[in-house]
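If you want the building blocks of each chain, they are given just below.
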Amino acid sequence: MRYWLSFFLVIIVGAIAVIGIAGFQGGKSRKPPIEIFPDMDRQPKIRPQTGSSFFSDGKASRVALLGTIARGSHYLDTPLVTGQLTGSTNFVDVMPLAITAKLLARGRERYQISCLPCHGALADGNGITKKYGMAVVANLHDKRIVTQTDGELFKTITHGKNLMGGYGANIAIEDRWAIIAHLRTLQLARLGILADVPLDRRAGLK
Amino acid sequence: MSDIFPRWTNKLPLRLLLGVLIVGSVATAGVTYYFTPKYTRVGYQPIQPVPFPHSVHADQLGLDCRYCHNGVEQSWYSNLPSANTCMNCHNQVLSADPRLALVRDSFQTGQPISWVQIHKTPDYVYFNHSVHVNRGVSCVHCHGPVDKMDEVYHAKSLSMSFCLDCHRDPASKIRPPEEVYNLNWVPPENFAKDKGAKFVHDWKVNASQNCSACHR
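Please read these numbers as outputs of a predicted model, since none were measured by experiment.

## Some words on the overall build of chain B
Now for step 1: A count of helices and strands for chain B gives 11 helices and 0 strands.
Now for step 2: Reading the secondary structure of chain B in the N-to-C direction produces α-α-α-α-α-α-α-α-α-α-α.
Now for step 3: In summary, chain B has a C-alpha radius of gyration of 25 Å against a globular reference of 17 Å for 216 residues, an excess of more than 25%.
Now for step 4: Overall size of chain B, expressed as C-alpha extent along the three principal axes, is 95 × 50 × 35 Å.
Now for step 5: Burial status across chain B gives 38% buried among its 216 residues.
Now for step 6: In chain B, the proportion of contacts linking residues at least 24 apart, taken out of those at least 6 apart, comes to 69%.
Now for step 7: Accessible surface computed for chain B: about 12,800 Å², of which carbon and sulfur atoms make up 61%.
Now for step 8: Between the averaged position of the 20 positive side-chain charges in chain B and that of its 17 negative side-chain charges there is a distance of 9 Å.

## Observations concerning the nonpolar core
Now for step 1: Judged by nonpolar contacts, the single largest core of 28 residues is most densely connected at A:Tyr111, A:Trp177 and A:Ile180.
Now for step 2: Grouped together as the second largest cluster of nonpolar side chains are 7 residues, B:Val133, B:Cys139, B:Val180 and B:Tyr181 included.

## Focus on the layout of surface pockets
Now for step 1: Quantified by volume, the second largest pocket comes out at close to 640 Å³.
Now for step 2: In this structure, the second largest pocket is lined by 31 residues; those nearest its centre are A:His119, A:Ala138, A:Leu140, A:Thr156 and A:Met164.
Now for step 3: Mapped by element, the contributors of at least two residues to the lining of the second largest pocket are helix H3 (101–114), helix H4 (116–119), helix H5 (143–146), helix H6 (150–159) and helix H7 (173–191) of chain A together with helix H5 (83–90) of chain B.
Now for step 4: Here the lining of the second largest pocket is composed, by residue class, of 20 nonpolar, 9 polar and 2 charged.

## Here's the deal with helix H10 (residues 191–202) of chain B
Residue and element names in this part refer to chain B.
Now for step 1: What H10 keeps buried is the set Phe 191, Gly 196, Phe 199 and Val 200. Along the axis of H10, the buried positions cluster into a sector of 95°, meaning they face one direction only. Across H10 from its buried face, at more than 90 degrees, point the exposed residues Lys 193 and His 201.
Now for step 2: Where H10 terminates, the next one or two residues include Lys 204, which has phi positive at roughly 50°.

## What to know about a nonpolar patch on the surface
Now for step 1: Side chains of A:Ile34, A:Ile36, A:Phe37, B:Val31 and B:Phe35 sit close together on the surface and give an oily, nonpolar patch of about 490 Å² of accessible area.
Now for step 2: Mapped onto the elements, B:Val31 comes out in helix H1 (residues 12–34).
Now for step 3: For B:Val31, a relative accessible area of 41% puts it in the partly exposed group.

## Focus on the pattern of salt bridges
Now for step 1: The final tally for this structure, using the stated rule, is 17 salt bridges over all chains.
Now for step 2: With its nearest N and O atoms 3.5 Å apart, the salt bridge here joins B:Arg66 to A:Glu109. Here B:Arg66 is found in helix H4 (residues 65–68), whereas its partner A:Glu109 is found in helix H3 on a different chain.
Now for step 3: The class for B:Arg66 is buried, based on a relative accessible area of 7%.
Now for step 4: Here A:Glu109 falls in the partly exposed class, since its relative accessible area comes to 32%.
Now for step 5: The partner of B:Glu73 in a salt bridge is B:Arg66, and the shortest N-O contact between them spans 3.0 Å.
Now for step 6: Since its relative accessible area comes to 13%, B:Glu73 is described here as buried.
Now for step 7: Look at the salt bridges and you will find they share partners, linking A:Arg106, A:Glu109, A:Arg110, A:Asp175, B:Asp64, B:Arg66 and B:Glu73 into a network.

## Re the confidence of the model for chain A
Any residue range with low pLDDT should be treated as having predicted coordinates unsuitable for detailed reading.
Now for step 1: In the predicted model, chain A carries a mean pLDDT of 90, and 99% of its residues have values of at least 70.
Now for step 2: Across chain A, element-level confidence peaks in H3(A) with a mean pLDDT of 96 and bottoms out in helix H1 (residues 2–22) of chain A with 89.

## So, the state of the cysteines
Cysteine pairs can be covalently joined through their sulfur atoms, and such a bond is termed a disulfide.
Now for step 1: Inspection of the entire model under this criterion finds 0 disulfides over all chains.
Now for step 2: B:Cys89 forms no disulfide, and the closest cysteine sulfur to it belongs to A:Cys118, at a distance of 4.4 Å.
Now for step 3: Among the residues examined, B:Cys89 registers a relative accessible area of 18% and is labelled buried.
Now for step 4: Of all cysteine sulfurs, the one in B:Cys214 lies closest to B:Cys211, which takes part in no disulfide; the gap is 9.1 Å.

## Let's talk about the interface of chain A and chain B
Now for step 1: Each side of the interface is counted separately: chain A has 51 residues, and chain B has 50 residues.
Now for step 2: Buried surface at the junction of chain A and chain B, both sides included, amounts to about 4,700 Å², of which 54% is carbon and sulfur.
Now for step 3: Between chain A and chain B we count 5 salt bridges in total.
Now for step 4: A salt bridge links A:Arg42 to B:Asp123, with the shortest nitrogen-to-oxygen separation between them at 3.7 Å.
Now for step 5: Residue assignment for the side of chain A that touches chain B shows that the elements contributing at least two residues are H1, H3 and H4 of chain A.
Now for step 6: In terms of residue count, the dominant contributor to the side of chain A that touches chain B is H1(A) (7 residues).
Now for step 7: Split into classes, the residues belonging to the side of chain A that touches chain B amount to 25 nonpolar, 14 polar and 12 charged.

## A word on H1(A)
The periodicity of an α-helix, 3.6 residues per turn, causes residues three or four places apart in sequence to face the same way.
Now for step 1: In a regular helix each residue adds 1.5 Å, so 21 residues correspond to 30 Å; H1(A) covers 30 Å between its end C-alpha atoms and thus fits that length.
Now for step 2: At the C-terminal side of H1(A), A:Gly23 shows a positive phi close to 75°.

Rules behind the numbers
Position numbers for residues start from 1 in each chain and track the written sequence from start to end. All chains are assigned letters beginning at A, and all ligands numbers beginning at 1, according to the order in which they are written. Where totals are concerned, whole chains, interfaces and linings use all residues; where local detail is concerned, this predicted model gives features only for residues with pLDDT of at least 70, and gives and counts side-chain atom pairs only at 80 or more. Side-chain numbers come from the whole structure's heavy atoms, not from hydrogens or water. Numbering goes from the N terminus for both helices and strands, where a helix is a DSSP run of H or I of at least four residues and a strand is a run of E of at least two. Based on C-alpha atoms, the radius of gyration is set beside the globule rule, defined as 2.2 Å times the residue count to the power 0.38. Three labels apply to residues, based on accessible area from a 1.4 Å probe with only protein chains included: buried if under 20% of the type maximum, exposed if over 50%, partly exposed otherwise in between. Contact between two residues is taken to exist if any of their heavy atoms lie within 4.5 Å; hydrogens are not considered. Only the protein chains shown count as cover for residues, with accessible areas throughout obtained via the Shrake-Rupley method and a probe of 1.4 Å. His residues and chain termini do not enter the charge count, which takes Lys and Arg as positive and Asp and Glu as negative. Lys charges are placed at NZ, Arg charges at CZ, Asp charges at CG and Glu charges at CD. By nonpolar core we mean a set of buried residues, namely Ala, Val, Leu, Ile, Met, Phe, Trp, Tyr and Cys, connected to one another through side-chain atoms within 4.5 Å. With a 1 Å grid spanning the protein atoms alone, the term cavity applies to any set of points in which a 1.4 Å probe fits but cannot get out, the term pocket to an open set with protein on both sides within 12 Å along at least five of seven lines, and the term lining residue to any residue with an atom within 4 Å of a point. Grid points are joined across faces, edges and corners, and a volume is the space filled by probe spheres set on the points. Ten residue types, Ala, Val, Leu, Ile, Met, Phe, Trp, Tyr, Cys and Pro, are classed as nonpolar, four, Asp, Glu, Lys and Arg, as charged, and the remainder, Gly among them, as polar. Taken from the helix axis, the directions to the C-beta atoms give the arc we talk about. Exposure above 30% relative accessible area and the lack of any salt bridge qualify a residue for a patch; like charges then connect within 9 Å, and the nonpolar side chains Val, Leu, Ile, Met, Phe, Trp and Tyr within 5 Å. By definition here, a salt bridge exists when the distance from a side-chain nitrogen of Lys or Arg to a carboxyl oxygen of Asp or Glu is within 4 Å. The quantity known as pLDDT measures the predictor's confidence residue by residue, on a range of 0 to 100. In this description, the term disulfide denotes a pair of cysteine sulfurs within 2.5 Å. Summed over both partners, buried area is the accessible surface (1.4 Å probe) that two parts give up on being assembled. How far a helix is expected to stretch is found by multiplying one less than its residue total by 1.5 Å.

Next up, the structure:
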């Protein structure tokens, strides 16, 4: 009997020791996961946004060299890409994309991702970041912005203006135009008068 | 013969068998519990070079995941933002805060911040973010409630069986595309049966269980 008792004691003490050291599933740990069977989990290949000792700057993802253009990216000096008439610095008045319901829906979605935090859902400059110290956010219903050409707005989105950073790296070219299309609907909605509303829809207005 | 084998040896085989059984089952239980990504990976919470709180940015401010992870819809990996993106706000908000010193340095020099990667599939697993988020699989399924995390930790096991649970029954996890980045979305009752199955059919969701779907 004594043997059994000590046998169980050893097992229980052992189990408690293992649990004490190893903890439970889901416990927080600062140490990287143990890879019990390493197999070929980590291969000497380069993954995006990781470090690499192969290059002197330590970056695995390479920055495009000056004067080169990544495959599949826009490179032509066209209104679509620059917002300016080809070969000039004059902004295009109207966007080079056809306005469709699809483009407007896309613009609304993209606006809400990238612009809404500061400019607000209504584009009146009352985004949530105002509470946190973004002091100067443009009200996009200001006359100076409403009267800007589409091309000039495109340039602002792409390269930024004053304290606003450029979004050229974050938002694709077509999406920037879609955002402008959505912004125009917001501006138009604010400037609208009763005469703009079709007769059969007026009853629904408050 | 009793001199060689004393009386207690009669019970020895039985005792040995019992002992081996008990030790064996305890060891099996231990291996089952500990030798799994549910233990080895879940809960990994490294100290990041900049203490970026997703809870403040995604939950409190309500930023869309794609404000920063802007390539996730086109790319197989979900990109980290460059310091450029941070500085869109932090050139004014907390613009002198010491916690953001590395971000400002990175913005000036172009040298990226050495974030510590938390979710790492093995190198022979080719997980594609874009096909998942574009077909109604939300961030929250694999990454947990990131928008509520002050410091990001590994929330799900991301083991092979974890992937297959969903690939065998995609309708149970799929959601409307406009709710993919809304981590707090709760499916209405019977959603999986009514709408989920329809999505899987209409969008031709091919949640392949072929080895080569993920392993190459």
